[in-house]
Structures are given as C-alpha cells and as structure tokens.
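If you want the building blocks of each chain, they are given just below.
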Amino acid sequence: MAALFSPLFRVALRAPSRRCVPGLSVVTQHRPLSNDAETSSKRMGWMIKLRPEHKEEYIRYHTAVWPGVLATIRECNISNYSIFLRNDLLVGYFEYSGTNIKADLAKMRKCPETQKWFTLIKPMLQPLDNLKEDEDLMAMMDEVFHTD
C-alpha cells in the first residue's frame, strides 16, 4: 500500500532529470502555478499501466470514488486531480498546494479508508518497464509546457 504513492513523495526531493518512455522523452521541471509563494501550487503528473483484464473494474471504482478517499486527497493539499486512460496507459494529473508533500503523502497512507482503496486498486496496476530506481509503482511525469 505505501508503495503506491512513494514516487510522489520522492518527486519533491529530486533534481531535474531525464526519463524516457517509449516514444516520449521529457525533461523534469516542476513549475509553481503562481508567483505568490504563499499560494504556490505545483502541477504534478504520473503514469502507470492498467492491466487490461481490470479495465472495467478500474473505471467502475473511479466513477464512484469513496467519499473518505476524496476527503483525504483534499486534506493532503491535492486538488484538481484527474486520471486519463488510453488503451492500457493511465495518466494522472493533480495540483499540490501544500508545503511538505512527504508529510501529506504519509498522512494519506495512514488513512484506513485510503489503505483499503489502495488494496483494491493496486493489483489492477502494472508499473512501466522503465521506472527510475526511486520509483516503486508510478512513473512521475515531467512538465515541459504550460499556458493559462
């Protein structure tokens, strides 16, 4: 369970890097959403494979995410969270507005309802083949362009 979000916690600590996904090469750069340090948010993205035999089940769970899981996400300073699916590739996007992503994700992992959710969802997922050494499950994506 804890491994599910461990890459998110690590992304806040690592320096710019290069990661290669078949057909995609990007440069890491996490930019704040605003120039105001007090209200600054970071746009974050991740990707992972969905096991094809679990597609309908995964979609069904995510059309009715448990209220406690949604509340925990908000309490951990995560907003504007979306997950996209194309074939067997899941791409997640969210905005993080807190000051300590490590602490917020530890809080998320400690929530009993979120732990139950991860227990159901994790077997449906398959890590990408080219994870970085510090990524257990999800591959963090790198922002290379943004416009308002």
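Computed from a predicted model, the values in this text were never measured in an experiment.

S.K.: Talk me through the overall build of the chain; I want residue IDs and the actual numbers.
M.R.: On a plain count of helices and strands, the chain comes out with five helices and seven strands. For the chain, the succession of helices and strands along the chain, N to C, is α-β-β-β-α-α-β-β-α-α-β-β. Within the chain, buried positions represent 38% of all 148 residues. Counting contacts in the chain only where the partners sit at least 6 residues apart, residues at least 24 apart contribute 73% of the total. Accessible surface, the chain as shown: approximately 8600 Å² in total, 55% of it carbon and sulfur.

S.K.: Run through the packing of helix 2 (residues 55–62) against helix 5 (residues 112–121), naming residues and quoting values.
M.R.: Interaxial distance between helix 2 and helix 5 falls to 11 Å at its minimum, and their mutual angle equals 160°. Judged by the angle between their axes, helix 2 and helix 5 are roughly antiparallel. The segment helix 2 lies against helix 5, with Y58, Y61 and H62 engaging W117, L120 and I121.

S.K.: Hey, could you go over the side chain of E143 for me, with residue numbers and the actual values?
M.R.: Inspection of the secondary structure assignment puts E143 in the segment after strand 7 (139–141). Only 2.4 Å separates the side chain of E143 from the side chain of R43, close enough to count as a polar contact.

What counts and what doesn't
- Residues numbered from 1 in each chain as written.
- Predicted model: local features only at pLDDT ≥ 70, side-chain atom pairs only at ≥ 80, totals over all residues.
- Heavy atoms only, no water.
- Helix = DSSP H or I, 4+ residues; strand = E, 2+ residues; numbered from the N terminus.
- Buried < 20%, exposed > 50% of the residue type's maximum accessible area, 1.4 Å probe, protein only.
- Contact = heavy atoms within 4.5 Å.
- Areas by Shrake-Rupley, 256 points an atom, 1.4 Å probe, with all protein chains shown as cover.
- Axes fitted to C-alpha atoms, helices over the stretch in contact; angles between N-to-C directions.
- Parallel < 35°, antiparallel > 145°, perpendicular 65-115°, else oblique.
- Polar contact = N/O pair within 3.5 Å; in protein donor to acceptor, adjacent residues only side chain to side chain.

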